[in-house]
Amino acid sequence: MAETPQASVAARKTRTGVVVSDARDKTITVRIDSARPHPVYGKTVRRSNKLHVHDERNEAHVGDTVSIMECRPLSAQKRWRLIEITERAK
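Residues numbered from 1 in each chain as written. Predicted model: local features only at pLDDT ≥ 70, side-chain atom pairs only at ≥ 80, totals over all residues. Heavy atoms only, no water.

(A) Layout of the environment of D55. Within the element layout of this structure, D55 appears in the loop between strand 3 (44–54) and strand 4 (65–70). With relative accessibility at 2%, the residue D55 sits in the buried group. It is 5.6 Å that separates the C-alpha atoms of D55 and L82, two residues lying 27 residues apart in sequence. At a separation of 3.1 Å, a polar atom in the side chain of D55 contacts the main-chain amide nitrogen of A60. (Helix = DSSP H or I, 4+ residues; strand = E, 2+ residues; numbered from the N terminus. Buried < 20%, exposed > 50% of the residue type's maximum accessible area, 1.4 Å probe, protein only. Polar contact = N/O pair within 3.5 Å; in protein donor to acceptor, adjacent residues only side chain to side chain.)

Spelled out as structure tokens, the structure:
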């Protein structure tokens, strides 16, 4: 059974993060922060990871909060693309 395009888009992961670098052309680096309780001790453990995101129009800048979506591999490192800029840096 073939999937419809709408079904595959709905299954893609979306994340929200902060732009930490916009030095490269059409690429931004986004930091995703997460906080969850430690499985044994219960203390909140904060973690972050950085993702390379495709920004076709070079519109996001350092400090902006952005929404990103998973996509096909665009380069050796880029697997995400920019959906929207949620909040501009002050």
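Moving on from the model shown.
(B) Here's a closer look at the side chain of D55. Here D55 occupies a buried position and makes no salt bridge, while the nearest side chain of opposite charge, R57, is found at 6.1 Å. Within the structure, the side chain of D55 is placed 3.0 Å from the backbone nitrogen of E59, a separation counted as a polar contact. If we skip the residues at most four places from it in the chain, D55 touches K26, T27, I28, A60 and L82. (Lys, Arg positive; Asp, Glu negative; His and termini not counted. Salt bridge = Lys/Arg side-chain N within 4 Å of Asp/Glu carboxyl O. Contact = heavy atoms within 4.5 Å.)

(C) Up close: the sheet that holds strand 5 (residues 80–87). An order of 1-2-3-5-4 is seen for the 5 strands of this closed barrel, with the pairing classed as mixed. Within the sheet, the average angular offset between the axes of one strand and its neighbour, ignoring direction, is 45°. Looking at chain direction, strand 3 and strand 5 are connected through 2 bridges and run parallel. Paired with H54 across the two strands is R81, which belongs to strand 5. (Pairing = 2+ DSSP bridges. Axes fitted to C-alpha atoms, helices over the stretch in contact; angles between N-to-C directions.)

Nothing here speaks to function; it is all geometry.
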